[in-house]
Amino acid sequence: MIYFRITIGANHLTTVPIGVVTGGYRLQVTYGDGITFDGFTSDGDKLSGKVIAGTDLVLLRDDGVAVFDAKITFQAQEPKSHTFDGELRGRVDLKPIGFSNRIRNKTDLEKLDKPLFVTLPIQFETAYPNVLPGGPFAEASQNARPFADLARHQFLAIGQFDIDRGQIRGGELTIMSVGDLAVADRLLGQLLDKDGLDLVGKDVEQLIQIEEKLVRALGNDRKDALLAALNKVRELLAGSGVSWDEFRPMFGRIHDSSPPPPLSTH
Amino acid sequence: MAAPRGYFLDRALLYLFSYNTEIEHRTQKIGIVPEGARYNESARVGDSRVYNVFREKSQGGLGPGFKAVTGRLIAGFDRALYRSDDVIVGDVQATIETDDGELIGTRYRATAYLRPGGYAAYVAGIDRAGTENVPVQAPIVITPSFETQASAYQFLVTHRCVGFGRADVIKSEIRRLSYDIYAMT
């Protein structure tokens, strides 16, 4: 399945505080130039490009929850020139970074000053492939096939936003389908159970061995996508000190011992 | 059960402000999706003004608390869908900075009906409605809601609003939008 990583360099997001509104504190966030993405299509071809537009009206709710509602437009350069849209919507608990109360003013807002780990639903819109021979949408249609899976599946954006004194400025998001994450998560869970490993120890060598086993079990066609998920797990666990059991709900997974679902050919 | 009324309830439209939005010439064409043709438009924020048609500083005669809204757009983004039933639906997020330095966020849906067969002609590339000298003007209706912490503009938050607009269409692309915004009271 198609997957990619969005890299948002420092100061490529612009945050304007609209202020206190009903239910919370509103921020206008604009996605600027210099935001790139790279990954692989479902066929394994290299995928890369940049964000050409994006806006979000983030609500920092009075109960300490951030609600995102971003509209982002992506311009791929590889494998073909193609424009597609993403809608990043969902909530993130601010309690882990020390916020559970309402933000009343800019002084409160500036206390938001830590990276915010997020797992947000994101869904995409992209053109039907090859349906129009001419007209203003012909180019979008002609180059759409490598991107078609974006419009057919539900995806998650996992990563972090960098927040500096109340300003959302940058970050990194890994975009993966829910299906890929579920498969990776389940297989990883089985391997962990089988080997009796505990990620609290954060033994990198052990994790690499797990990854290698996973790749062997799955074959190379899904290797990159799954390794991306595992790397993200490793990074987040290493940085946070949480256990696998604590981390598991981020993937919305019900851990069991049943075999993983068959892999699609995408 | 109450008897059916034989009269209308009181209603009024209170004029609040107007704005003109210049659209970036290069729309981002997402393509043909199940509901129709998707494209995005961004406002040229430096050229987009918020003003009062009567150049008033307050809404005289309608009571205190309705300060005139003047300023500029500092962000504006529309995810538009030209539906296959010939209706254009917009999904807009925008932010206004008033001349007195306050920020007002808005989001709204927009609805416009151009003409029968317009969608098919547009996506086929045979509809080139409007020229630079004689743009086609299409009516648009929007239902914005506003957010601000500025006490002077709380009337925007406490009223449901409607906007009546015109889109200037050149070669089947919207180049300029102009709206009058009213509170429904």
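This write-up is about the structure you can find in this document. Position numbers for residues start from 1 in each chain and track the written sequence from start to end. Whichever chain is written first becomes A and whichever ligand is written first becomes 1, with later ones labelled in order. Under the rules for a predicted model, residues below a pLDDT of 70 receive no local features and side-chain atom pairs below 80 are neither given nor counted, while totals for whole chains, interfaces and linings still include all residues. Side-chain descriptors were evaluated using all non-hydrogen atoms of the structure, hydrogens and water having been removed beforehand.

## Things to note about the interface of chain B and chain A
Right, on to step 1. Every contact between the two is made by 31 residues of chain B and, on the other side, 34 residues of chain A.
Right, on to step 2. Note: buried area is the sum, over both parts, of the accessible area (probe 1.4 Å) each one loses when the two are combined. On the chain B side of the contact with chain A, Ile30(B), Ile32(B) and Gln93(B) bury the most area, a combined 22% of that side's loss.
Right, on to step 3. What counts as a salt bridge is simple: a side-chain nitrogen of Lys or Arg found within 4 Å of a carboxyl oxygen of Asp or Glu. Inspection of the chain B/chain A interface yields eight salt bridges.
Right, on to step 4. When the shortest N-O distance is used, the salt bridge between Arg107(B) and Asp69(A) registers 2.9 Å.
Right, on to step 5. Two N or O atoms form a polar contact when they lie within 3.5 Å of each other; inside protein one atom must be a possible hydrogen donor and the other a possible acceptor, and for residues adjacent in sequence the pair counts only when both atoms belong to side chains. If you look at where chain B meets chain A, you find twelve residue pairs in polar contact (both at pLDDT 80 or more).
Right, on to step 6. Listing elements by their share of the side of chain B that touches chain A, those giving two or more residues are strand 2 (28-33), strand 3 (36-42), strand 5 (71-83), strand 6 (87-98), strand 7 (103-113) and helix 1 (118-123) of chain B. Note on contacts: a residue pair qualifies if any of its non-hydrogen atoms lie within 4.5 Å across the two residues. The helix count covers DSSP runs of H or I at least four residues long, the strand count covers runs of E at least two residues long, and both are numbered beginning at the N terminus.

## With respect to the pattern of salt bridges
Residues and elements named next belong to chain B.
Right, on to step 1. Enumeration over the complete set of coordinates arrives at 29 salt bridges over all chains.
Right, on to step 2. A salt bridge links aspartate 85 to arginine 83; the shortest N-O distance between them is 3.0 Å.
Right, on to step 3. Accessibility here uses a 1.4 Å probe with only protein chains present; expressed as a share of the type maximum, an area under 20% marks a residue as buried, one over 50% as exposed, and anything in between as partly exposed. When its relative accessible area of 41% is taken as the criterion, aspartate 85 is described as partly exposed.
Right, on to step 4. A salt bridge links arginine 176 to aspartate 168, with the shortest nitrogen-to-oxygen separation between them at 2.9 Å.

## Let's talk about the side chain of Ser48(A)
Residue and element names in this part refer to chain A.
Right, on to step 1. Tracing the backbone shows serine 48 in strand 5 (residues 46-61).
Right, on to step 2. The exposure class of serine 48 is buried, given its relative accessible area of 13%.
Right, on to step 3. Contact partners of serine 48, with chain neighbours within four places excluded, come to Phe37, Asp38, Ala76, Gln77 and Glu78.

## As for empty space enclosed by the protein
Over the atoms, a rolling probe the size of a water molecule traces out where space has been left empty.
Residue and element names in this part refer to chain B.
Right, on to step 1. As defined here, a cavity is a set of points on a 1 Å grid over the protein atoms alone where a 1.4 Å probe fits but cannot get out. A pocket is an open set with protein on both sides within 12 Å along at least five of seven lines, and residues line them when an atom is within 4 Å of a point. Grid points are joined across faces, edges and corners, and a volume is the space filled by probe spheres set on the points. This model, assessed by the stated rule, comprises seven cavities of 30 Å³ or more.
Right, on to step 2. When its volume is computed, the largest cavity comes out at roughly 250 Å³.
Right, on to step 3. Lining of the largest cavity is provided by 28 residues; of these, Asp78, Val92, Tyr108, Leu177 and Tyr179 occupy positions nearest its centre.
Right, on to step 4. Contributions of two or more residues to the lining of the largest cavity are made by strand 1 (13-22), strand 3, strand 5, strand 6, strand 7 and strand 11 (173-184).
Right, on to step 5. Looking at the lining of the largest cavity residue by residue, the classes come out as 20 nonpolar, six polar and two charged. Polar here means any residue outside two lists: the nonpolar Ala, Val, Leu, Ile, Met, Phe, Trp, Tyr, Cys and Pro, and the charged Asp, Glu, Lys and Arg; Gly therefore counts as polar.

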